[in-house]
Amino acid sequence: MTRNSTTSQGETQQTRRRFITAAGAAGATAFAGCIGDSSGGSGTQTITLAVSSGDGELIKRLLKNHVESEVGVTTETTILPNANLFEKLSTMFQSEKATYDIVAMDDPWMPQFARHLAPIRDHVDSLPTDQIIQQTLDIGTWPTPGEAVPPNAQDAEPELKALCAVGNSHIFVVNEGLYSEVGEDLPKTWEDVYRAGQKISEQVDGAEGYAMRGKSGNPIMSSYFSVGMSMAGNMFDENWGYDWADESGIEAASFFVNDLGSISPDGVASFDNSQVLSGLADGSVAAAPQWPSGTSLLLNEDKATEYENITFMPIPEGEERAAPVQGNWLLGINSYADAETKSAAGDVLQSFVSKQAQEQYVDLGGVPFRHDTFEENMDAQPWFEALYGSLQNAKPRPRTPLWSEIETAHGQPLNAALVDDMSIEEAMAEAESQIESILDENGY
């Protein structure tokens, strides 16, 4: 897909803060000599952020290397492990405090935190929406367009509440050498994956055609979600009716458990991502979905014996569509901050998503979310082209604060079917029963 990569008009304009800072520098310096200020004499406002470890390190560096001088603020960034970050944000929002002015969120947290976030367009002068991939804008919008809406948000008008910081979605990793060995082209559909995988499992000693994260709960649901969404459509209808217990849902689950399971290694029902990655690295597994962050092992020549055979693709299509799992990290503005702080935070975010900043972000190792950044930097990572394709078809996990409970309730019977403790029909009926109980108990 080729798009106009011309920088949008909004990106050529100075932010309010940068203009004021530049125009008033001399006067502010003189004035500061007469009275004190709360910024330790620097004369610049400080914006505090809370971000996750890993990608948060890159965000912090970009803020220091580019955004601060662009906007005319100082940033103080606290980096926390994911679980600690979630706890900190939950506590802060419950007490309606502004400990952090800008917060990073994994996208499944958005339904819980959205009401505590300031509308982005109230504090960002202009956005290059022609260049930001639409799926990453939608996932930062609450309620999310095209998705079932929780009861407490059904009367709300959709508003952009957060901007993408990490353009993540699942990509597909394939051992091209194993596919060539059995005379198969790279797969475009899930049926292609199964057909080629059968040949590999049967004809290549020590190799299986596929591997999934089969462990109960989140791992197996992370592997299954793209298959179910691509073959059976959305997990829920607009009224939160569970839609995967019908014929198409049972067929999708059967394909995952029986077909893909039959070309997976022994013991796959206990696999998490480390086992999948190890199999891809040593050539005992021919294909599997991955997050981009998981590719570092596969790109290490000293640790991956199959380094030269590894290739990356968009997630395969099912009968309905392609449906890669979307997994974006988002940045939002704390609604409990004062007006001046929210304005400055908006300027920080506007600078962060700009073309100039995102070019530097890629140089630092960041994962982009703009069309032009991808198109002009395809060689920056061997998986960029695959991610660009996947991200434009990506599907978010159901937009409810109950998602963690739901995926656990669904993952348990699906894992039971994988180890033959339940039939597919029993597993999907059990999943439906458990999920409906969770929803009913919470007023859905």
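Quick caveat, the model's predicted, so the values are computed rather than measured.

> I would appreciate a short explanation of the overall build of the protein chain in the present structure.
Scanning the protein chain from N- to C-terminus turns up 17 helices and 10 strands. In terms of overall dimensions, the protein chain has a C-alpha envelope of 80 × 50 × 35 Å along the principal axes. Counting every position in the protein chain, which comprises 444 residues, the buried fraction comes to 55%. Across the protein chain, the fraction of contacts at a sequence separation of at least 24, relative to all contacts at a separation of at least 6, is 74%. Surface accessibility of the protein chain: about 18,500 Å² in total, with carbon and sulfur atoms responsible for 43%. Positive and negative side-chain charges in the protein chain, numbering 25 and 67 respectively, have mean positions lying 11 Å apart.

> Please clarify how the nonpolar core should be interpreted in this entry.
Most often, soluble globular proteins have nonpolar side chains that are buried together. One finds L89, M105, W190, Y224, M235, W244 and L260 to be the most contacted residues of the largest nonpolar core, which totals 139 residues. Counting contributing residues, this core receives three or more from each of domain 1 (46-169 + 326-393) and domain 2 (171-325 + 402-441).

> Honestly, the sheet that holds strand β8 (residues 287-290) in this entry has me stumped. Any pointers?
Strand pairing in a sheet is mediated by backbone hydrogen bonds. Such pairs are either parallel or antiparallel. A sheet is described by the order of its strands in space; here three strands give the open sequence β8-β7-β9, paired in antiparallel fashion. Looking at strand neighbours, the two that pair on one side only are β8 and β9 (310-313), the edges of this open sheet. Strand-to-strand twist of the sheet, defined as the mean angle between neighbouring strand axes without regard to direction, takes the value 30°. When strand β7 (residues 171-175) meets β9, the two strands line up antiparallel, connected through four bridges. Looking across to β9, one finds that N175 is bridged to I310.

> Looking at this structure, I do not really get the domain arrangement of the protein chain. What am I missing?
How big an interface is tends to be stated in terms of accessible area lost as the parts join. Domain boundaries assigned for the protein chain yield domain 1 (46-169 + 326-393) and domain 2 (171-325 + 402-441). Inter-centroid distance (C-alpha atoms) of domain 1 to domain 2 is 29 Å. Taken together, the 16 residues of domain 1 in the interface contact 19 residues of domain 2. Here domain 1 meets domain 2 over a buried area of about 1,400 Å², counting both sides, of which 66% is carbon and sulfur. When the area that domain 1 buries against domain 2 is broken down by residue, the three leading residues are A148, S169 and W383, summing to 33%. Seen at the junction of domain 1 and domain 2, the total is zero salt bridges.

> Could you clarify how one ought to interpret a negative patch on the surface in this entry?
On the surface, a cluster of negative charge is made up of E191, D243, D246, E247, E251, E319 and E320. Tracing the backbone shows D243 in the loop between α9 (218-232) and α10 (247-262). In this structure D243 comes out as partly exposed when scored by relative accessible area, which is 30%.

> Where do I start with the packing of α10 against helix α17 (residues 424-441) in this structure?
Taken N-terminus to C-terminus, the directions of α10 and α17 make an angle of 120°; their axes are 10 Å apart at the nearest point. It follows that α10 is oblique to α17 by the angle criterion. Where α10 crosses over α17, the handedness of that crossing is right-handed. Touching G249, I250, A253, S254, V257 and N258 of α10 are I424, E425 and M428, all from α17.

> Honestly, α9 in this entry has me stumped. Any pointers?
Since one α-helical turn is 3.6 residues long, residues separated by three or four positions face the same way. Between its first and last C-alpha atoms α9 spans 19 Å; for 15 residues at 1.5 Å apiece the expected length is 21 Å, and the two agree. Of all the bends in α9, the greatest measures close to 40° and is centred on Y224. For α9, a buried count of 14 out of 15 residues is recorded, marking the element as mostly surrounded by other parts of the structure.

> Explanation requested: the sheet that holds strand β3 (residues 102-106) in the structure shown.
As summarised here, the arrangement of the five strands in space is β2-β1-β3-β10-β6, forming an open sheet in which the pairing is mixed. Edge positions in the sheet fall to β2 (73-80) and β6 (163-166), since each of these pairs with one other strand and no more. Ignoring strand direction, the axes of neighbouring strands in this sheet form an average angle of 30°. Of the pairings in the sheet, the one linking β6 to strand β10 (residues 329-333) comprises three bridges and is antiparallel in character. Its bridge partner being in β10, V166 is matched across the sheet by W329. Contacts from helix α12 (residues 339-352) reach β1 (45-52), β2, β3, β6 and β10 within the one sheet, and its direction differs from that of β1 by about 60°.

Conventions adopted
Residues numbered from 1 in each chain as written. Predicted model: local features only at pLDDT ≥ 70, side-chain atom pairs only at ≥ 80, totals over all residues. Heavy atoms only, no water. Helix = DSSP H or I, 4+ residues; strand = E, 2+ residues; numbered from the N terminus. Buried < 20%, exposed > 50% of the residue type's maximum accessible area, 1.4 Å probe, protein only. Contact = heavy atoms within 4.5 Å. Areas by Shrake-Rupley, 256 points an atom, 1.4 Å probe, with all protein chains shown as cover. Lys, Arg positive; Asp, Glu negative; His and termini not counted. Charge placed at Lys NZ, Arg CZ, Asp CG, Glu CD. Core = buried A, V, L, I, M, F, W, Y, C linked by side-chain atoms within 4.5 Å. Domains from an automatic or database assignment. Pairing = 2+ DSSP bridges. Axes fitted to C-alpha atoms, helices over the stretch in contact; angles between N-to-C directions. Buried area = accessible area lost by both parts, 1.4 Å probe. Salt bridge = Lys/Arg side-chain N within 4 Å of Asp/Glu carboxyl O. Patch = residues over 30% accessible without salt bridge, like charges linked within 9 Å, V, L, I, M, F, W, Y side chains within 5 Å. Parallel < 35°, antiparallel > 145°, perpendicular 65-115°, else oblique. Left-handed = near helix turned anticlockwise from the far one by under 90°. Expected span 1.5 Å × (residues − 1). Bend = angle between axes of the 7 residues up to and from the residue.

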